[in-house]
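Fold and geometry: a report
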Amino acid sequence: MTESEGLRRRGTKAEEASDASTGDDKDHDASTSTSTTSEGSEDASKKMPAPEKVERPPLQHRIANAVLQRAGPLGVVLFLAGLIWVGLFPLVCITTGELKCRGTYFSENALSPGLGDISSSAVSTRTMRELEDEVFAAALKAGDRGRTEILAQSLESLGLEDVHVEGNSHVSAVLRPHTGADRRDAIIIVAQGHLSQKVDAEAGTQGCTSVGIVLGLAQALVEAEWLSKNVVFLFARDRKAVRAWTAAYHQGIHDSKSQVQVAHAGILVGGLVLDADRAPSGYFAESIDVRVPGANGLLPNLDLVNVVVHLLRAHGGSKATEVMHFTSRSTAYWDNVLKDFVRTLGSQVQALAPGAVDAFALNQYTSRMGKLERFMQSVAFGPTGLHAELLPFDIHALTLSTVYTKDPSRRWAAPEDACRVMRQTAEHTIRSLSNLEEKFHQSYFLYVLPDVGLFVSIGEYSGSLVLVLAPLLLYFLRSIVGPQGREPGHSSESALQGFDPVSAIVGACAVLLTAGCFGGFLLSNDAIGLRGLHHVFLTGPVSFLFLLVIRRRVEAGCPGVLWKSVKAALALALVVAHAMVGMVNYPLALISACWTSLFYAHVRPARSLFSGLCFFTWWIFVSPALAAYALPGLVVDREAWGFSRESSTMSSFAENLEALASAYAQYGVMHVPLLLLVHMPAHLVSLAILTGVLGRAE
Amino acid sequence: MRSLSVLAVALVVLAAVSHLLGTAAAAAAATAKKAASAASESSHTNNWALIVDTSLFFFNYRHAANALSMYRTVKQLGIPDNQIILMLADDMACHKSNPLKAQIFNNRNRQIELYGDTVEVDYRGEEVTVENFLRVLLGRHTPGTPASKRLDTNEGSNIFIYMSGHGGDEFLKFQDTEELSSQDIAGAFEQMRVKKRFNEIFFAVDTCQAATMYNHFDTPGIVAAGSSTRNENSYSHHSDGHLGTAVIDRFTYYMLEFMDRRGDKANLGDLMRYLTPQRLMSTAAMDTSKFSRPVKSVALTDFLGSVLKIDTTVATAPYKPLETRASKSTDSVDPPKTTQQQAQQVRPYPIYEATF
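Quick notes on the rules
- Residues numbered from 1 in each chain as written.
- Chains lettered and ligands numbered in written order.
- Predicted model: local features only at pLDDT ≥ 70, side-chain atom pairs only at ≥ 80, totals over all residues.
- Heavy atoms only, no water.
- Helix = DSSP H or I, 4+ residues; strand = E, 2+ residues; numbered from the N terminus.
- Buried < 20%, exposed > 50% of the residue type's maximum accessible area, 1.4 Å probe, protein only.
- Contact = heavy atoms within 4.5 Å.
- Areas by Shrake-Rupley, 256 points an atom, 1.4 Å probe, with all protein chains shown as cover.
- Disulfide = S-S within 2.5 Å.
- UniProt positions renumbered as here; feature names shortened; annotations may be inferred.
- Polar contact = N/O pair within 3.5 Å; in protein donor to acceptor, adjacent residues only side chain to side chain.
- Pairing = 2+ DSSP bridges.
- Axes fitted to C-alpha atoms, helices over the stretch in contact; angles between N-to-C directions.
- Phe/Tyr/Trp six-rings, centres within 6.5 Å; stacked < 30°, edge-to-face > 60°.
- Salt bridge = Lys/Arg side-chain N within 4 Å of Asp/Glu carboxyl O.
- Domains from an automatic or database assignment.
- Buried area = accessible area lost by both parts, 1.4 Å probe.
- pLDDT = per-residue confidence, 0-100.
- Core = buried A, V, L, I, M, F, W, Y, C linked by side-chain atoms within 4.5 Å.
- Nonpolar A, V, L, I, M, F, W, Y, C, P; charged D, E, K, R; others polar.
- Parallel < 35°, antiparallel > 145°, perpendicular 65-115°, else oblique.
- Left-handed = near helix turned anticlockwise from the far one by under 90°.

Moving on: the overall build of chain B. Counting its secondary structure elements, chain B contains 10 helices and 12 strands. Here chain B, with 356 residues, has 48% of them falling under the buried criterion. Sequence-distant contacts in chain B: of pairs separated by 6 or more residues, those separated by 24 or more amount to 72%. Split by element, the accessible area of chain B, about 17,400 Å² in all, is 55% carbon and sulfur.

Moving on, we get to the state of the cysteines. All names here are of chain A. Counted according to the given criterion, the structure contains zero disulfides over all chains. No disulfide involves Cys101; its nearest neighbouring cysteine sulfur is the one of Cys93, lying 7.4 Å away. With no disulfide of its own, Cys594 lies 19 Å from the sulfur of Cys101, the closest cysteine sulfur. On the basis of relative accessible area, Cys594 is assigned to the partly exposed category, the value being 26%.

Okay, the UniProt feature "active site" (unreviewed entry) in chain B next. UniProt tags His166 and Cys208 of chain B as "active site" (unreviewed entry). These annotated residues cover 43 residues of sequence, but their C-alpha atoms sit close together, with the largest distance between any two at 6.5 Å. Inspection of the secondary structure puts His166 of chain B in the loop between strand 4 (157-164) and strand 5 (167-168). Contact partners of His166 of chain B, with chain neighbours within four places excluded, come to Asn109 of chain A together with Thr54, Ser55, Asn60, Arg62, His63, Leu172, Lys173 and Thr207 of chain B. At a separation of 3.1 Å, a polar atom in the side chain of His166 of chain B contacts the side chain of Asn109 of chain A. Excluding its chain neighbours within four sequence positions, the residues that come into contact with Cys208 of chain B are Gly167, Gly168, Ser228, Glu232, Asn233 and Ser234 of chain B.

With that settled, the discussion passes to the sheet that holds strand 3 (residues 123-124) of chain B. Consider a sheet: its strands pair through backbone hydrogen bonds, and that pairing is either parallel or antiparallel. All names here are of chain B. Pairing in this open sheet of seven strands is mixed, and the strands run 3-2-1-4-8-9-12 from one edge to the other. Of all strands in the sheet, those bounded by a partner on one side alone are strand 3 and strand 12 (285-287). Pairing analysis gives five bridges linking strand 8 (residues 200-206) to strand 9 (residues 222-226), with the strands arranged parallel. Across the sheet, Ala204 pairs through a bridge with Ala225, a residue of strand 9. With respect to the sheet, helix 5 (residues 250-262) is in contact with strand 4, strand 8 and strand 9, its orientation differing from that of strand 8 by roughly 130 degrees.

Let's shift gears to the packing of aromatic side chains. All names here are of chain A. In this structure the tally under the stated criterion is 20 aromatic pairs over all chains. Relative to Trp618, the ring of Phe615 lies with its centre 6.3 Å away and its plane at 15 degrees, an arrangement referred to as stacked. Here Phe615 and its partner Trp618 are both found in helix 21 (residues 609-621), three residues apart, which amounts to about one turn of the helix. With relative accessibility at 11%, the residue Phe615 sits in the buried group. In this structure Trp618 comes out as partly exposed when scored by relative accessible area, which is 30%.

Our next topic: the pattern of salt bridges. Applying the stated rule across the entire model yields 25 salt bridges over all chains. Its salt-bridge partner being Arg273 of chain B, residue Asp270 of chain B comes within 2.3 Å of it at the nearest N-O pair. Highlighted residues: Asp270 of chain B and Arg273 of chain B, both in helix 6 (residues 268-274), separated by three residues, approximately one helical turn. Judged by relative accessible area, Arg273 of chain B falls into the exposed class, the value being 51%. Look at the salt bridges and you will find they share partners, linking Glu98, Lys100 and Arg102 of chain A into a network.

Let's shift gears to the domain arrangement of chain A. Residues and elements named next belong to chain A. As far as domains go, chain A holds domain 1 (125-326 + 382-452) and domain 2 (497-641 + 650-691). Taken together, the contacts link 13 residues of domain 1 with 14 residues of domain 2. Both faces considered, domain 1 and domain 2 share a buried interface measuring about 1,100 Å² in area, 53% of it formed by carbon and sulfur atoms. For the pair domain 1 and domain 2, the number of links is zero salt bridges. Remark: the boundary between domain 1 and domain 2 carries one residue pair in polar contact (both at pLDDT 80 or more).

Residues at a pLDDT of 70 or more form 73% of chain A, whose mean pLDDT is 77. Every residue in residues 1-42 of chain A is under pLDDT 50, and counting partners more than four places away or in other chains gives 30 contacts.

Time to look at the UniProt feature "transmembrane region" (unreviewed entry) in chain A. Taking the UniProt record as the reference, the feature "transmembrane region" (unreviewed entry) is found at residues 71-92, 461-481, 502-522, 528-549, 610-631 and 674-695 of chain A. Its end C-alpha atoms 28 Å apart, residues 71-92 of chain A is made of 82% helix and 0% strand.

Phe233 and Phe235 of chain A are the most contacted members of the largest nonpolar core, which has 153 residues in total. By residue number, the principal contributor to this core is helix 25 (residues 671-690) of chain A, which donates 12 residues. Looking at which domains feed residues into this core, each of domain 1 (125-326 + 382-452) and domain 2 (497-641 + 650-691) of chain A supplies at least three. Judged by nonpolar contacts, the second largest core, of 53 residues, contains Leu88, Leu100, Phe291 and Val295 of chain B.

Next up on the list: the pairing of strand 1 (residues 161-166) of chain A. Residue and element names in this part refer to chain A. Pairing analysis gives four bridges linking strand 1 to strand 2 (residues 170-175), with the strands arranged antiparallel. Paired with His164 across the two strands is Ser172, which belongs to strand 2. What sits between strand 1 and strand 2 in their antiparallel hairpin is a turn of three residues, with Gly167 showing a positive phi close to 55 degrees.

Listed as interface residues are 20 residues of chain B and, on the opposing side, 18 residues of chain A. When the buried surface of chain B facing chain A is broken down by residue, Phe59, Lys96 and Gly244 of chain B rank first, second and third, together holding 43% of it. Our count for the chain B to chain A interface comes out at zero salt bridges. At the surface where chain B touches chain A, the tally comes to 13 residue pairs in polar contact (both at pLDDT 80 or more). Of all the elements in the fold, those that place two or more residues in the side of chain B that touches chain A are strand 10 (236-240) and strand 11 (245-249) of chain B. Residue classes in the side of chain B that touches chain A are distributed as six nonpolar, nine polar and five charged.

Take the packing of helix 10 (residues 302-316) of chain A against helix 13 (residues 415-435) of chain A next. Residue and element names in this part refer to chain A. Packing of helix 10 against helix 13 brings their axes to within 9 Å, and their N-to-C directions diverge by 135 degrees. Classified by the angle between their axes, helix 10 and helix 13 sit oblique to one another. Crossing geometry of helix 10 relative to helix 13 is assigned as right-handed. Contacts from Leu304, Val307, Val308, Leu311, Leu312, His315 and Gly316 in helix 10 reach Arg420, Val421, Gln424, Thr425, His428, Thr429, Ser432 and Leu433 in helix 13.

Okay, the packing of helix 4 (residues 71-88) of chain A against helix 14 (residues 458-468) of chain A next. For any two helices packed against each other, one specifies the inter-axial angle together with the distance between the axes. Residue and element names in this part refer to chain A. The interhelical angle for the contact between helix 4 and helix 14, taken along N-to-C directions, is 155 degrees, at an axis separation of 7 Å. Between helix 4 and helix 14, the interaxial angle falls into the category roughly antiparallel. Where helix 4 crosses over helix 14, the handedness of that crossing is left-handed. Of helix 14, the residues touching helix 4 (which contributes Leu78, Phe79, Ala81, Gly82, Leu83, Trp85 and Val86) are Glu460, Gly463, Ser464, Leu467 and Val468.

Structure follows, in structure tokens:
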């Protein structure tokens with residue numbers, strides 16, 4: 001007997017009981033009513049009982065019944081529909097009914113990208129190179145901490161104020177505009193890296209580094225009459241330096257906790273991180289990568305992205321930019337898999353219906369789908385650059401990074417031109433932000449991008465997540481309502497035959513207990529940093545034991561429903577958890593839901609060895625441990641997560657776990673709580689269901 | 001011979017009759033033409049202008065430049081400053097982002113500085129609100145409002161109302177915080193008609209979906225023009241790289257260019273033909289359904305220029321010298337006076353009311 005049949009059968013029994021009680025009531029009513037009439041009519045009523053009035057259930061009840069009776073297959077259909085919807089993102093917008101992907105709108109009036117002249121057109125790449133060479137050469141003579149000191153002197157000689165040096169970690173300076181500007185707001189420009197002597201020992205010969213670009217920018221901006229906001233220049237060695245500076249900037253001026261000297265220049269409304277290296281001989285600039293997502297799905301306002309992309313294209317042509325161009329091996333692998341799949345699908349359709357698929361449209365779709373996949377991956381497994389340190393402080397920022405290649409066919413420009421384009425884009429962006437007197441308000445920060453100039457908003461993508469979670473939601477609804485529960489004439493008791501609240505509470509307690517054990521680990525600062533997280537698996541047996549003990553008591557009172565009730569509670573918990581994650585980080589919630597939704601909706605006690613093996617294989621596939629093992633291959637910036645940058649291969653499991661704990665401690669990435677508080681308990685509870693600990697299938 | 005003389009006399013008589021008939025016909029034609037001309041001419045006695053820039057922020061520099069360009073033009077065409085109400089929502093000239101401090105230009109060649117010493121801004125900054133705009137139209141001011149901030153029009157006034165800013169379907173944004181709806185302004189014009197505050201109005205608005213601003217006009221005597229129709233944007237003409245922003249909008253730019261080329265001969269019909277979609281990148285529209293005169297005969301100077309007609313009241317009493325007032329001091333008992341005589345006593349000399 002299947003699970004639904006079991007539910008139906010129990011419902012039928014209850015139905016009969018309910019009918020009997022209803023019939024008694026009717027007889028009683030009839031006798032009561034006939035007592036006031038004549039005997040003759042009483043006899044007649046005995047001979048000819050009044051025909052039972054059969055009332056047809058309302059349409060919505062019949063539809064609900066039909067849906068809940070087919071919850072299993074319908075869940076699979078909706079799950080696939082959700083995936084197809086994601087695949088349609090680059091083609092149509094279903095919620096608005098448009099047969100195209102929606103184009104981004106940004107306030108060209110307010111931001112006026114590229115309308116104004118810029119001063120740095122007079123500053124050539126050679127000048128920037130000379131500026132940085134001067135600093136680097138002088139620093140070599142000065143010793144280990146010389147580069148930051150020499151850099152500070154250069155900034156002061158350019159006319160910048162409030163120059164602060166923090167060891168060899170970072171240098172900051174403020175450019176205050178001419179008299180007449182209110183100076184309440186500021187724009188931040190971060191030059192990434194190149195403060196260490198060792199880094200530039202192997203530097204290439206072409207182009208210049210981010211230090212040279214920002215020095216050239218500062219030189220040009222000193223003379224700018226149009227500047228109306230302060231500009232903060234920060235030369236930071238690494239991510240930690242940016243974090244320390246940003247935290248100190250946003251602490252109170254008189255806060256004694258702050259060890260870092262900063263000059264306050266007003267509210268930081270926006271910024272850019274410039275990440276440029278010199279290119280070795282024989283390399284070409286392939287593009288300038290616009291790195292958008294921060295940690296935990298944080299994104300800057302789309303207006304800023306559009307302005308930067310618009311300016312990059314204006315200065316460097318349409319090939320100048322890529323939004324999230326990854327070069328890591330794992331990403332390229334998934335990219336190729338996706339492209340192959342789409343191309344194969346297209347060729348199959350072409351073979352079945354020649355002429356149905358336009359080759360150009362197919363290529364365009366493949367390209368957009370690849371970009372969408374890369375962008376979603378970068379949002380799900382960010383951060384993607386140093387700007388991630390600015391986003392949590394509501395500073396809209398992104399990272400521009402030069403991408404070099406040896407392949408002449410992928411050449412976009414010479415490295416010198418790439419530096420020029422980056423500097424001009426940065427200055428024009430500053431000019432746009434300087435003109436902006438209001439906060440970014442015309443656009444939003446919840447989006448995914450299939451291509452430059454196109455976007456999918458939260459109104460569109462949230463629907464696909466709901467569909468992917470539909471199997472779990474339908475299971476939960478069927479469990480608490482039951483397909484027969486809405487039939488008329490049944491008491492409410494019969495509706496809950498497939499669901500036992502006590503069992504559900506026990507299941508929820510089990511889930512919470514397991515989650516609490518992991519949560520305790522997360523909150524324990526001492527545990528973080530310990531090599532390996534093996535001890536956390538002690539919580540699994542604990543909760544397993546708990547369920548085993550409870551089972552005997554619950555099964556005695558209401559046999560056969562414990563595992564269903566626990567599973568219903570688990571389904572609800574998973575839906576709620578994914579919905580919450582999806583509000584912040586949609587791609588992560590989608591990937592997580594795609595990975596686990598069908599399994600948890602269909603898991604049940606094994607009835608045979610074959611089904612047991614199948615479910616156990618599936619159970620291993622959805623294991624959080626497997627996810628923790630695969631995660632390093634998916635993250636965009638391995639170094640930011642604490643994984644070793646050099647090797648793209650998988651590290652040992654223990655090292656991965658340690659890196660995850662470190663990433664959680666540093667950024668609070670929600671992958672760790674999602675794995676430990678949601679997937680790990682769910683996985684253990686599902687094992688209990690699968691092995692029959694919570695009761696066997698009927 | 002006699003017959004010849006009779007023939008000659010007859011010819012002379014015929015010629016005389018035909019001459020007389022011709023003269024009469026010509027006179028009749030001239031009279032009719034004169035009458036038609038009189039019907040197409042404006043009967044206004046004075047001109048006023050209300051010029052409004054409704055936009056905040058430096059990136060809306062062009063809206064201030066639009067308004068100041070119109071201000072400069074109507075001043076050049078003779079409307080005195082005390083009959084121009086100028087409303088500027090932001091101080092672009094001294095804005096922190098303006099690299100050319102205390103100056104406003106409407107062209108990147110920067111030949112005409114619009115913000116010279118003679119500019120009198122009547123409402124500026126936070127004073128430019130929907131409430132104040134409607135107060136100006138209706139003449140309902142708070143006590144103490146100076147005359148320079150009042151639109152002291154009468155039933156002989158032709159008013160040019162020009163507005164520039166950001167708008168949408170049946171609204172115009174003021175100060176980035178509030179909106180003037182088409183119903184608001186239609187209601188205000190109707191009240192102005194009831195209060196006899198105008199003779200004719202030329203309402204020109206340069207904004208997106210501008211034509212929707214006069215959707216609800218139902219007051220006779222108003223001709224309305226907009227830079228774009230429903231669902232259309234209005235566009236800027238060009239930008240100044242040094243300023244980093246656009247400096248003038250297309251509708252205003254070509255309107256000024258048209259007036260510059262045609263001068264006094266410009267009329268509304270020609271203006272609308274000049275504002276082609278190729279020039280504006282949008283469709284300029286004009287509503288003349290509430291206007292009695294054909295637009296071809298409506299000179300732009302009927303609204304943008306100045307008329308200095310002097311209307312005299314009917315002198316109901318003969319001029320009496322000032323001695324009359326002196327004679328009043330006598331103790332002589334006069335017979336009861338009529339109202340007319342009382343008026344003569346108060347105003348012993350003829351009154352000439354001049355309106356500008």
